[in-house]
Amino acid sequence: QVQLAESGGGLVQAGGSLRLSCVFSGSIFSFSVNAMGWYRQAPGKQRELVASISSGTSTNYAESVKGRFTISRDNAKNTVYLQMNSLKPEDTAVYYCNAKSILGSELWGQGTLVTVSS
């Protein structure tokens, strides 16, 4: 069974930093990971893309996090990271890890809560 497991969420003051991690586990023969990304969902809002990274090094960021967040991946460890700096109260949300296979299948983590206090 393939799955994603996030960690690193928590409570931080505005201006602080957090690093989220997401580990893919399972058979790469049943799910060949291509792109990975982070989404977030704040209370009462739709889930939105925060950042994504291709199987290479191509990255994409939401305008609201550009210059503050950095996505990276370690393919040897099947892990994707989200370094979040200069956090704002509006970054408060549940953050979800996402993986897309080369065949177009999607996999989601269970989510990790990030709370930024003002």
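These numbers come from a predicted model, not from an experiment. (Residues numbered from 1 in each chain as written. Predicted model: local features only at pLDDT ≥ 70, side-chain atom pairs only at ≥ 80, totals over all residues. Heavy atoms only, no water.)

(A) Structural context of the pattern of salt bridges. Under the counting rule described, the total for this entry stands at 5 salt bridges. A salt bridge links Glu48 to Arg40; its shortest N-O distance comes to 2.7 Å. The buried category is assigned to Arg40, whose relative accessible area is 6%. For Asp91, the salt bridge goes to Arg68, with nearest N and O atoms at 2.8 Å. With a gap of 23 residues between them, Asp91 in the loop between β8 (79-84) and β9 (93-101) and Arg68 in the loop between β6 (59-61) and β7 (69-74) connect regions that are remote in the sequence. With respect to burial, Asp91 and Arg68 carry one shared label: buried. Residues joined in a network through salt bridges with shared partners are Arg40, Glu48, Arg68 and Asp91. (Salt bridge = Lys/Arg side-chain N within 4 Å of Asp/Glu carboxyl O. Buried < 20%, exposed > 50% of the residue type's maximum accessible area, 1.4 Å probe, protein only. Helix = DSSP H or I, 4+ residues; strand = E, 2+ residues; numbered from the N terminus.)

(B) Representation of the sheet that holds β8 in the model. If you trace the 4 strands from one edge of the open sheet to the other, you get β1-β3-β8-β7, paired in antiparallel fashion. Since the sheet does not close on itself, it has two edges, and those belong to β1 (3-7) and β7, each with one partner. Averaged over all adjacent pairs, the angle separating strand axes in this sheet is 15 degrees, with direction ignored. Where β7 meets β8, 6 bridges bridge the pair, whose relative direction is antiparallel. Across the sheet, the residue bridging to Phe69 is Met84, located in β8. (Pairing = 2+ DSSP bridges. Axes fitted to C-alpha atoms, helices over the stretch in contact; angles between N-to-C directions.)

(C) Molecular detail of the state of the cysteines. This model, assessed by the stated rule, comprises 1 disulfide. Residue pairing for Cys22: its cysteine sulfur links by disulfide to Cys97, the two sulfurs lying 2.1 Å apart. The disulfide joining Cys22 to Cys97 has a torsion of about -85 degrees about its S-S bond and is therefore left-handed. With Cys22 in strand β3 (residues 18-25) and Cys97 in strand β9, this pair connects stretches of sequence that are 75 residues apart. (Disulfide = S-S within 2.5 Å.)

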